[in-house]
Amino acid sequence: VNPAPRRAVPGWAFPAAVALLVLWTYWPALSGAFLDWDDNHLLLLNPHFRGLGREAWRWAWTNNPGLYMPLVWMSFSLDSALWGMNPVGFHLTNVLFHAANAVLLFFVAETLFERIFPRSSGGARRGAAALASLLWAVHPLRVESVAWIVERKDVLCGFFFLLSLLFYLRFAATGRPGE
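This section reports on the structure supplied with the text. Here the structure is a predicted model, which means the values were calculated and not measured.

### Examining the pattern of salt bridges
Point 1. Enumeration over the complete set of coordinates arrives at three salt bridges.
Point 2. A salt bridge links Asp79 to Arg152, with the shortest nitrogen-to-oxygen separation between them at 2.6 Å. Note that Asp79 is positioned in helix α4 (residues 70-83) and Arg152 in helix α8 (residues 152-174), a separation of 73 residues in sequence.
Point 3. Take Arg152: its relative accessible area is 0%, and that puts it in the buried class.
Point 4. Taking the shortest distance from any N to any O, the salt bridge between Lys153 and Glu151 comes out at 3.2 Å.
Point 5. The exposure class assigned to Glu151 is buried, which follows from its relative accessible area of 9%.

Structure follows, in structure tokens:
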């Protein structure tokens, strides 16, 4: 008797599972409030970044209240336009960026495992990449960057770093950008 043929797991299943597990893990962060540390000073008591107007974005690019972080201020500006000053929206943005980072790390790890272990099966590489990205994403060192609103700079920096690393790895493999 021949056993039933094994069906391959779809290519999107592993990164989707990673994203869902990260969202599930960090969902409790949405119940957090603005903290009395930096959140009060930088967000609640600061009217300059609010809204999507020209003044808010000019302020984001010319202001320096300790750290020059215009993309972070622009993301806070977008949050304030979408959610008002409700902390749930600000937390949600951090959680979504972190889930996106975990998926990007999955693709980086999968690309690296493919180079290191070219003879391994695609399912094994995807499984190893999913495990690596999940361990990174749910590690306790990530909690502060995700659950503390003004630590958006970490998840935003991670997003652009992982995206550029993935593009570089794909360029190095093909010699063509964007492949």
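### What about the nonpolar core?
Point 1. Membership of the largest hydrophobic core comes to 34 residues, with the highest contact counts inside it found for Val22, Leu43, Phe49, Trp73 and Phe76.
Point 2. Those elements that provide at least two residues to this core are α1 (13-26), α2 (38-44), α3 (54-62), α4, α5 (87-116), α6 (122-138) and α8.
Point 3. The leading source of residues in this core is α5, at eight residues.
Point 4. If we skip the residues at most four places from it in the chain, Phe76 touches Leu43, Phe49, Phe90, Ile149, Val150 and Arg152.
Point 5. The next biggest cluster of nonpolar side chains, apart from the first, holds six residues, and it includes Leu104, Leu162, Leu166 and Leu169.

### Looking at the packing of α5 against α6
Point 1. Running from amino to carboxyl end, α5 crosses α6 at an angle of 140°, the nearest separation of the two axes being 8 Å. With respect to α6, the axis of α5 lies oblique. Our pair here, α5 against α6, has a crossing hand that is right-handed. Taken together, the residues of α6 that come into contact with α5 (itself represented by His98, Asn101, Ala102, Leu105, Phe106, Ala109, Glu110, Phe113 and Glu114) are Arg125, Arg126, Ala128, Ala129, Ala130, Ala132, Ser133, Trp136 and Ala137.
Point 2. Residues that form the contact of α5 with α6 fall into these classes: 11 nonpolar, three polar and four charged.

Reading guide: rules and limits
- Residues numbered from 1 in each chain as written.
- Predicted model: local features only at pLDDT ≥ 70, side-chain atom pairs only at ≥ 80, totals over all residues.
- Heavy atoms only, no water.
- Salt bridge = Lys/Arg side-chain N within 4 Å of Asp/Glu carboxyl O.
- Helix = DSSP H or I, 4+ residues; strand = E, 2+ residues; numbered from the N terminus.
- Buried < 20%, exposed > 50% of the residue type's maximum accessible area, 1.4 Å probe, protein only.
- Core = buried A, V, L, I, M, F, W, Y, C linked by side-chain atoms within 4.5 Å.
- Contact = heavy atoms within 4.5 Å.
- Axes fitted to C-alpha atoms, helices over the stretch in contact; angles between N-to-C directions.
- Parallel < 35°, antiparallel > 145°, perpendicular 65-115°, else oblique.
- Left-handed = near helix turned anticlockwise from the far one by under 90°.
- Nonpolar A, V, L, I, M, F, W, Y, C, P; charged D, E, K, R; others polar.

No statement about biological role is implied by the geometric values presented.
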